[in-house]
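Structure assessment
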Amino acid sequence: MKLRFDRHARRKLFSHGITVASGLTILAVLYPLASILYESATRGGRVLFQLTFVTAVPPNGCSIIACKTVGVGPAIQGTLILIGIGGGIALLVGIPAAIFASEYRTRGLGRAISFTADVLAGIPSIIMGVFIYSYFVLYDPTITFSAITGGLALSAIMIPIVVRTTEEALHTVPNSMREAALALGISKWRTTLRIVLVAALPGVLTGVLLAVMRGAGEAAPLLFTAAGSNIFFQGLNYRVAALPLLIYNFAESPYSNQVQVAWGATLLLISLILIANVFSRYMLSRMVRKMSGGA
Amino acid sequence: MGATKMKVSGLTAFYGNKPAISDISLEFPDHAVSAIIGPSGCGKSTLIRCLNRMHETAPRARVAGQVLLDGEDIYAQDPTRVRRRVGMVFQRPNPFVTMSIYNNVSVSLRFNGHHSREEIDRAVVRSLEQSALWDEVKDRIDAPAMSLSGGQQQRLCIARALAAEPEVLLMDEPCSALDPIATAKIEELVSRLKKEYTVVIVTHNMQQAARVADFTAFLYLGKLIEFGPTEQLFERPKESLTEAYITGRFG
Amino acid sequence: MSSPTPSSPSSAPKTGRVARWPDLLFFVLVGIAGVAVIALAFAILGILIHESIPSFRAFGPGFLTSTVWNPNTNQFGVVPFVAGTLITSGIALLIGVPLALGSAIFITTAAPRWMRGPVGTAIELLAAVPSVIYGFWGIYVLEPYMRTTVEPNLKTTLGWTGLFGGTPIGTDVLTASVILAVMIVPTISAVSRETLLAVPTAQREAAQSLGATNWETTRVAMLPYARSGIIGGIILGLGRALGETMAVTMTIGNKDAVPTSLFDQGQTIASLIANELLNNTGPLQYSAILEAGLILLAISLIVNAGARVLVWRVMKVGGQSVE
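What counts, and where the lines are drawn
Residues numbered from 1 in each chain as written. Chains lettered and ligands numbered in written order. Predicted model: local features only at pLDDT ≥ 70, side-chain atom pairs only at ≥ 80, totals over all residues. Heavy atoms only, no water. Helix = DSSP H or I, 4+ residues; strand = E, 2+ residues; numbered from the N terminus. Rg over C-alpha atoms; globule rule 2.2 N^0.38 Å. Contact = heavy atoms within 4.5 Å. Lys, Arg positive; Asp, Glu negative; His and termini not counted. Charge placed at Lys NZ, Arg CZ, Asp CG, Glu CD. Buried < 20%, exposed > 50% of the residue type's maximum accessible area, 1.4 Å probe, protein only. Areas by Shrake-Rupley, 256 points an atom, 1.4 Å probe, with all protein chains shown as cover. Phe/Tyr/Trp six-rings, centres within 6.5 Å; stacked < 30°, edge-to-face > 60°. Lys NZ or Arg CZ within 6 Å of the ring centre and 35° of its normal. Patch = residues over 30% accessible without salt bridge, like charges linked within 9 Å, V, L, I, M, F, W, Y side chains within 5 Å. Salt bridge = Lys/Arg side-chain N within 4 Å of Asp/Glu carboxyl O. Pairing = 2+ DSSP bridges. Axes fitted to C-alpha atoms, helices over the stretch in contact; angles between N-to-C directions. Core = buried A, V, L, I, M, F, W, Y, C linked by side-chain atoms within 4.5 Å. Buried area = accessible area lost by both parts, 1.4 Å probe. Nonpolar A, V, L, I, M, F, W, Y, C, P; charged D, E, K, R; others polar. pLDDT = per-residue confidence, 0-100. Disulfide = S-S within 2.5 Å. Expected span 1.5 Å × (residues − 1). Bend = angle between axes of the 7 residues up to and from the residue.

As a further point, take the overall build of chain C. A tally of regular secondary structure across chain C gives ten helices and two strands. Order of helices (α) and strands (β) in chain C, N terminus to C terminus: α-β-β-α-α-α-α-α-α-α-α-α. A compact globule built from 323 residues should have a C-alpha radius of gyration of about 20 Å, whereas chain C, at 26 Å, is more than 25% larger. Of the contacts made within chain C by residues no fewer than 6 positions apart, 70% connect residues no fewer than 24 positions apart. Between the mean site of the 17 positive side-chain charges and the mean site of the 15 negative ones, chain C shows a separation of 12 Å.

Right, here's the structure in full:
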């Protein structure tokens, strides 16, 4: 009797031990997030409130010394332009492609599109950069390093995200809605756009937002395309700055003020991404609520 | 009652290579209620979905034969046009979940053609009155459609279909998801509708057919067994199969 | 949906006239977009293959076995980078899988209900942090810590294994692996969490009614059921680790040779591309870099396909066995 009691107690103790250990893993897992936020706030927070953080631009023909005056203004502008181009292309290609894959699915092409989007989503982002770079080196070397190629590289990363999230969102629209609309004599294209897509809109927009935020954070594909710059936007054919590139370039800079700018940029970028993430989560839960019963 | 509104001629409908209904021929009279009855899987839904060309929206679905509306084959016309003349109410109420009551009813008017706000308002009120829902929703016409009960939602779907001003109204087991009181309301409404429309109703409930329909068709395993005035079909069926079904020996 | 056929009464099966031109136009337009997506995939493959040809012609299959990467003598082999990639990803899995599984198990079984949302969200936010920020943090926070605390301790306690030779300077294969581990934990944890949640309650209850402890319930009723999904998640995490560029480039030391110890510097295929695509001595090196990229693409495609098959299968099974 006593023996059995001990064995049971041992099992319970072991189970509790596992629980504690797994609880500790949560701490270990969350620590980097906390650390990143803390470090970027303490090391770069001060910089955010200085005007030069945004406006500083090296004087013309800057020497190595003078080039160290750089703010994030060009980078913010560049990032916005790049995700604008990339996002625009991703929207124009990705949403219609997802509509085809979802609404015209019985043709093999529809399934092929879904499959391809999944495949593309798994390709490392640097390969996208290599792809665009190689293509332009071959066919139009004059704009190899430009906002155009940077935007294209980002769009290659964003398209699979937009296709997958849009397809999922369309999938959640119940078929009875499509049938009801068709039976009323509403043409298929109107049904798809004005009834189905509208109903799926929160999910679609969430997907676009996620894709854009992903594009805003990518540096690898921009290394060989947008290539970075110290000055404000010059034109679509010219190199352009971007926040992740700035962070990468200044990370190991010998000038402490540049490192500090990098920390400020980190804080800026990560805040934007986290806010966008939480916001998209909220939008998604709203859509789920709307679909299952209104008000 | 009298003239033929829709005539079905040698109709066979396939899913892939399997025929769900074979070689069906019958005529639905104008301004009357025709019921289609039969055991589960006999092809009632398939048949009615061929009448407004909804059958072909299913994957690998095909149709052979003719369906004439006022003498013209609907399969030779633009399906969208056909569906405006032949409306449908489905088994489970399917109002557009993201829209209000008003927007649901007015959707066909807003999407097909240009109508003034006053025209749309009038049409919405008329349709809701025809489907016996107006009194219950007139104070909350902009409330979400999903705030209505199941029976109300189905009447909303009927109003929505009527607002498109069809000539024929198809109803695919419209009461099967509803409670008896809601069912009674809808049956009453169907009897009134036949004054202005031609109604074809699929039902698995024989008593319902006996209550509301002027004519009844009995389907079994995809074939039309018998079609005639309801009273005659139920009291003096011509086919022994019909008699067996009606007396409850199967199905 | 339908195509034009001559309307002959009651003979061959027909589907009637196609709806007007707006429907057709819409179909064509969205179809073009769909084709564009597929064309993109082929274009990527095509260009990589095209640009690798010079290197393939010069080195043949020897490219896959040579450890030499010498721009001066134009001798190139991909082994150092495959080694770097596999070592860093492997260690990342070694560190990351227990952490990810532990947190997934904790959240789905032991954590109080109110914790699930916030912690789950926090873990998914980790997945949204850009690679370059992890790298930056790695340089200024992780590396000093590794150099001053972790690595010397490892050397003294586990030095006998021969894995920890050389002086630890912080920028090395081990640090890069740790950062990768941090980056793949959210992926593995999220998939594991979903598959664990998909285990039918009936299974849990069966174990509990037999008097099993919490851990035993998890071990006996939940983990086996969720196993292929979890493995799928792990492979998905592996796929992510293989292609990670920025964080690795910033912490691995960028040495084009097979690392001799965990404290040695190294290079993955991704970091090779990042470092040398633009700074190379000639077209042959460029082509070799692209061939390496092609190999990376092939590896990650295979790994991701495997992951998807496993996760897809478990989700399907889970869905079907709802009681």
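Each helix and strand in chain A was counted, giving ten helices and zero strands. When the helices and strands of chain A are read in sequence order from the N terminus, they spell out α-α-α-α-α-α-α-α-α-α. When each of the 295 residues of chain A is scored for burial, the buried share is 53%. Residue pairs at least 24 apart in sequence account for 74% of intrachain contacts in chain A once pairs closer than 6 positions are excluded. Carbon and sulfur atoms provide 66% of the accessible area of chain A, an area that totals close to 13100 Å².

This paragraph deals with the packing of aromatic side chains. Considering all chains together, one arrives at 19 aromatic pairs over all chains under this definition. Each ring, one from F100(A) and one from Y104(A), has its centre 5.5 Å from the other, and the planes form 20°; the classification is stacked. Note on Y104(A): relative accessible area 9%, which makes it buried. Put simply, the rings of F59(C), F63(C), W69(C), F76(C) and F81(C) touch in pairs and so form one group of aromatic residues. Above the face of the F111(B) ring, R194(A) is positioned so that its terminal group lies 3.9 Å from the ring centre.

What follows covers a nonpolar patch on the surface. Taken together, the side chains of W21(C), L24(C), L25(C), V28(C), L29(C) and I32(C) make up a nonpolar region of the molecular surface, amounting to roughly 630 Å² of accessible area. One can find L29(C) in helix α1 (residues 21-59).

In this section: the sheet that holds strand β3 (residues 33-37) of chain B. Residue and element names in this part refer to chain B. In space, the six strands of this open sheet follow the order β6-β7-β8-β3-β9-β10, with mixed pairing throughout. Of all the strands in the sheet, just β6 (86-89) and β10 (223-229) have a single pairing partner and so form its edges. Within the sheet, the average angular offset between the axes of one strand and its neighbour, ignoring direction, is 15°. Pairing between strand β9 (residues 215-220) and β10: six bridges, direction antiparallel. Within the sheet, the bridge partner assigned to F218 lies in β10 and is E226. Sitting on the sheet, helix α6 (residues 150-163) is in contact with β6 and β7 (168-172), with an inclination near 170° to β6.

Another point: the nonpolar core. Of all hydrophobic cores here, the largest spans 177 residues; its most connected members are F96(B), I44(C), Y134(C) and L277(C). Counting residues per element, this core draws most heavily on helix α5 (residues 173-197) of chain C, which supplies 13 residues. In this structure, A183(A), M54(B), V63(B) and V200(B) belong to the second largest nonpolar core, which totals 32 residues.

Let us now look at the interface of chain C and chain A. Every contact between the two is made by 74 residues of chain C and, on the other side, 77 residues of chain A. For the pair chain C and chain A, the summed buried surface comes to about 6700 Å²; carbon and sulfur atoms form 80% of the total. Inspection of the region where chain C meets chain A yields two salt bridges. Each residue belonging to the side of chain C that touches chain A can be placed in one class, and the counts come to 53 nonpolar, 16 polar and five charged.

Residues and elements named next belong to chain C. Looking at chain C, the pLDDT average stands at 85 and 90% of residues meet or exceed 70. Contacts from residues 1-16, a stretch scored under 50 in pLDDT, to residues over four places away or in other chains number 37 contacts. Overall fold confidence for the complex sits at a pTM of 0.86, while the interface term, ipTM, reaches 0.89.

All names here are of chain B. Taken as a whole and judged by the stated rule, the model has zero disulfides over all chains. Counting only cysteine sulfurs, C50 is the nearest neighbor of C42, a cysteine outside any disulfide, at a range of 13 Å. Cysteine C157 remains unbridged, with the sulfur of C175 as its closest cysteine sulfur at 12 Å.

A few words now on the pairing of β6(B). All names here are of chain B. Taking every second residue as pointing to the same face, both faces of β6 are buried, with V86 and M88 on one and G87 and V89 on the other. Two strands pair when backbone bridges link them, and β6 and β7 are joined in this way by four bridges, in the parallel orientation. In the strand pairing of β7, V89 is matched with M171.

A few words on helix α7 (residues 175-183) of chain A. Looking only at α7(A), the buried set comprises M177(A), R178(A), A180(A), A181(A), L182(A) and A183(A). Following α7(A) by one or two positions, G185(A) adopts a phi angle in the positive range, close to 85°.

As a further point, take α1(C). All names here are of chain C. Relative to the 57 Å expected for 39 residues at 1.5 Å per residue, α1 spans 56 Å between its end C-alpha atoms, a close match to the ideal helical length. The largest bend in α1 amounts to roughly 45° and is located at I53, with the proline P54 lying one to four residues further along. At the exit of α1 stands G60, carrying a positive phi of roughly 60°.

In this fold, F96(B) is placed in the loop between β6 and α3 (101-111). Given a relative accessible area of 0%, F96(B) falls into the buried group. Considered as a pair, F96(B) and L156(B) are 60 residues apart in the sequence and their alpha carbons are 10 Å apart. Those residues within four positions of F96(B) in sequence are excluded, and the remaining contacts are M177(A), A180(A), A181(A), L184(A), I195(A), N104(B), V107(B), A145(B) and R160(B).

Our focus in this paragraph is the sheet that holds strand β1 (residues 4-15) of chain B. Residue and element names in this part refer to chain B. Reading across the sheet, the four strands line up as β2-β1-β4-β5 and stay open at both edges, with antiparallel pairing between neighbours. Either end of the sheet is taken by a strand with one partner, and the two such strands are β2 (18-29) and β5 (72-73). By the bridge criterion, eight bridges tie β1 to β2 in an arrangement that is antiparallel. Bridging across to β2, A13 finds its partner in I21.

In this fold, G87(B) is placed in strand β6. The class for G87(B) is buried, based on a relative accessible area of 5%. Sequence-wise, G87(B) and L169(B) are 82 residues apart; in three dimensions their C-alpha atoms are separated by 4.8 Å. When near neighbours in sequence (up to four residues on either side) are disregarded, G87(B) contacts A183(A), P166(B), V168(B), L169(B) and L170(B).

Now for the pattern of salt bridges. Pairing is possible between side chains that carry opposite charge, provided their charged atoms lie close to one another. By the definition in use, this model includes 23 salt bridges over all chains. Residue R85(B) pairs with D70(B) through a salt bridge whose shortest N-O separation is 3.2 Å. Taken together, the residues R85(B) in helix α2 (residues 79-85) and D70(B) in the loop between β4 (61-69) and β5 connect sequence positions 15 residues apart. Among the salt bridges present, the one from E124(C) reaches R193(C), with a minimum N-O distance of 3.1 Å. Note that E124(C) is positioned in helix α3 (residues 113-128) and R193(C) in helix α5, a separation of 69 residues in sequence. Classification of R193(C) as buried rests on a relative accessible area of 13%.

Take the side chain of D23(C) next. Positionally, D23(C) belongs in helix α1. Take D23(C): its relative accessible area is 11%, and that puts it in the buried class. Filtering out sequence-adjacent residues up to four positions away, D23(C) remains in contact with S187(A), K188(A) and W189(A).

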